[in-house]
Amino acid sequence: MKNTINELSTLFDEAKANIEFEFVQTLINYKGMGAKELSTNLHEWFDAIEFYKQIYYSKTNKEKTRIGLLLYSTFFENSDFYNILGSLCKIKLGYRGSSYLFWKTKKYERLLGIGEKKEFLLELLEDADKQNMISFFTENHFKEIRNTFFHSAYSLSEEDYFLHDSDPIVIDGVGTYRFNVKEFLYPKIENVIQFFDTFKQLYLDSFDSYQDDKEVDAFYPNPCKATILGSKDGLKGFRIKNAVNFFGKWHDSGVWYDEKYDMWAGHNIRMSHADIETIEINDSLTRYENKEDIKRSDLEFENIVDKIVERNNPTEIYRATDLLVKFGDIRLKKMIAEKNGYKQRNFPKIILPFYKQAVEIGSKIMDMKQVSKNIKTLEEFMAGS
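Just so you know, these numbers come straight off a predicted model, no measurement behind them.

When you look at the pattern of salt bridges in this model, what are you seeing that I'm missing?
A side chain with one charge can pair with a side chain of the opposite charge if their charged atoms come near. Overall, the coordinates contain 22 salt bridges when judged by the stated rule. A salt bridge links Glu14 to Lys92, with the shortest nitrogen-to-oxygen separation between them at 3.5 Å. Here Glu14, found in helix H1 (residues 2-18), pairs with Lys92, found in helix H5 (residues 79-92); they are 78 residues apart in sequence, far enough to count as distant. Owing to a relative accessible area of 25%, Glu14 belongs among the partly exposed residues under this scheme. With a shortest N-O distance of 2.9 Å, Glu316 and Arg311 are connected by a salt bridge. The exposure class assigned to Arg311 is partly exposed, which follows from its relative accessible area of 25%. A single network of salt bridges, built from pairs that share partners, joins Glu123, Asp127, Arg287, Lys291 and Glu300.

Could you clarify how one ought to interpret the packing of aromatic side chains in this entry?
The geometry of an aromatic ring pair comes down to the distance between the two centres and the angle between the two planes. The full count for this structure, using the stated rule, is 43 aromatic pairs. A centroid spacing of 5.3 Å and a plane angle of 85 degrees characterise the contact between Trp45 and Phe196, whose relative ring orientation is edge-to-face. Here Trp45 is found in helix H3 (residues 42-58), whereas its partner Phe196 is found in helix H9 (residues 181-208), with 151 residues between them in sequence. Their ring planes at 70 degrees and their centres at 5.1 Å tell us that Tyr72 and Phe76 sit as a pair that is edge-to-face. Residue class for Tyr72 comes out buried when judged on its relative accessible area of 0%. According to the relative accessible area criterion, Phe76 is buried, its value standing at 0%. For Lys188, the ring lying beneath its charged end belongs to Phe184, and the centroid distance is 4.3 Å.

Before we go on, may I ask you to explain the sheet that holds strand E1 (residues 154-156) in this structure?
Adjacent strands of a sheet form backbone hydrogen bonds with each other and so pair up, either parallel or antiparallel. Strand order in the open sheet formed by 3 strands is E1-E2-E5, with antiparallel pairing between adjacent strands. On the outer flanks of this sheet lie E1 and strand E5 (178-180), each paired with one strand and no other. Shown here is a sheet whose adjacent strand axes are inclined to one another by a mean of 20 degrees, direction ignored.

Help me understand the nonpolar core in this model?
Taken as a class, soluble globular proteins show a tendency for nonpolar side chains to be buried jointly. Core analysis: the biggest nonpolar cluster contains 74 residues, and Phe75, Leu85, Phe137 and Phe199 have the highest contact counts within it. Top contributing element to this core by residue count: H9, with 13 residues. Not counting chain neighbours up to four residues away, the residues in contact with Phe199 comprise Leu8, Phe12, Leu42, Trp45, Phe46, Phe81, Ile84 and Leu85. Membership of the second largest hydrophobic core comes to 28 residues, among which are Ile317, Leu324, Leu332 and Leu378.

I tried to follow the side chain of Lys53 on my own but got confused; where do I start?
Looking at the element boundaries, Lys53 is found in helix H3. Residue class for Lys53 comes out buried when judged on its relative accessible area of 11%. In this structure, Lys53 is in contact with Leu71, Ile193, Phe196 and Asp197, ignoring residues within four places of it in sequence.

How should I be thinking about the environment of Arg239 in this particular structure?
Here Arg239 is to be found in strand E8 (residues 237-246). A sequence separation of 13 residues divides Arg239 from Asp252, and the C-alpha atoms of the two residues are 6.6 Å apart.

Reading guide: rules and limits
Along every chain, residues carry numbers that run from 1 in the direction the sequence is written. With pLDDT at 70 or above as the cut-off, local features in this predicted model cover only qualifying residues; side-chain atom pairs require 80 or more to be listed or tallied, and sums for whole chains, interfaces and linings still use all residues. Each side-chain value is derived from all of the structure's non-hydrogen atoms; neither hydrogens nor water enter the calculation. By salt bridge we mean one thing: a side-chain nitrogen of Lys or Arg within 4 Å of a carboxyl oxygen of Asp or Glu. Secondary structure is summarised from DSSP: a helix means a run of H or I of at least four residues, a strand means a run of E of at least two, and numbering begins at the N terminus for each. Throughout, exposure labels follow a simple rule: accessible area from a 1.4 Å probe, protein chains only, divided by the maximum for the residue type, with under 20% read as buried, over 50% as exposed, and the rest as partly exposed. Aromatic rings from Phe, Tyr and Trp, with only the six-membered ring used for Trp, were paired whenever their centres fell within 6.5 Å, and each pair was classed as stacked if the ring planes differed by under 30 degrees, edge-to-face if by over 60, and tilted otherwise. Cation placement over rings: the criterion is NZ of Lys or CZ of Arg within 6 Å of the ring centroid and within 35° of the ring normal. Think of it this way: DSSP has to see at least two bridges between two strands before they count as a pair. Fitted lines through C-alpha atoms serve as axes, helices being fitted only where they are in contact, and the angles separating the N-to-C directions of these axes extend from 0 to 180 degrees. Remark: nonpolar core denotes a set of buried residues (Ala, Val, Leu, Ile, Met, Phe, Trp, Tyr, Cys) joined through side-chain atoms within 4.5 Å. Residue contacts are counted whenever heavy atoms from the two residues lie within 4.5 Å of one another.

The structure is reproduced here in structure tokens:
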């Protein structure tokens, strides 16, 4: 865990050093007017897990296991935790963060699940070269544990946890419906506690580090200068001087803490949710255009394309189509280079979704003759395998 903790600390440092204005916005995590302790779910998460830790270390046997499961499951459920880690990765890479980074999926019909958020985050961690943090999530997060515990679909002996109404949990490549709590679960709870303690301290220390005002370069949404507002109590927001003009008079814009009403408040901000989404989609498209390939998971990319299709903006559709063809072509080249016939037969089912969606959304604005030819060749290859 030492290397994981070091990577987490470095991620905070890298984001702050790269685009400090975005780093500060990520700390504030502004979604709308509200009290500091209530406008984010982080502070209750901090307090709850500290409470669970106290009980966990004071109990033994089944009582220890139950509280450990509560701590473990609660840790992986927090939405702002994923938003902040993902935003820090994006800022390190030169893009904007977002309070709604992992929020809703296609057509906004439902909130993203924890498994989806994890997959989205893994791709960003890959881009940010945080291999130890990737290992933390892949080696310690098991949805089967979280789901069976929260759904009361489990039973306990003094030594073992039994899963009910669930898919098996895969341990060392073998599916099983039981595991030893001391050998398997407790070490993972300890890893979660270490990660939690470090994240909490880094977040709070970052907030408290702003003791004085500081001017930085910013995009809001255009290039400007912003003043980060510091105080003896830490970060109090940011202010952009003379940002908007109302009836011939200039006014400051930004987000800062209103001491009178004891809450965060946005001041003279005219950006709509549609404006924010346009900026975030442009950043996402640019990031994927600059990527050699999708390394860990294509779920985030699929979600971006879904949003673009819904928005029906021709420029975004053109760029998304180009990316679908790009990633399909990359996989086709790998298929052609593959010498193992068994492995080669698995490629078409991976490649075809990229090509078929490219034709579906981009055929009216791009020449899809070669892509259509590739689809036909892959389908014939599958039929002959």
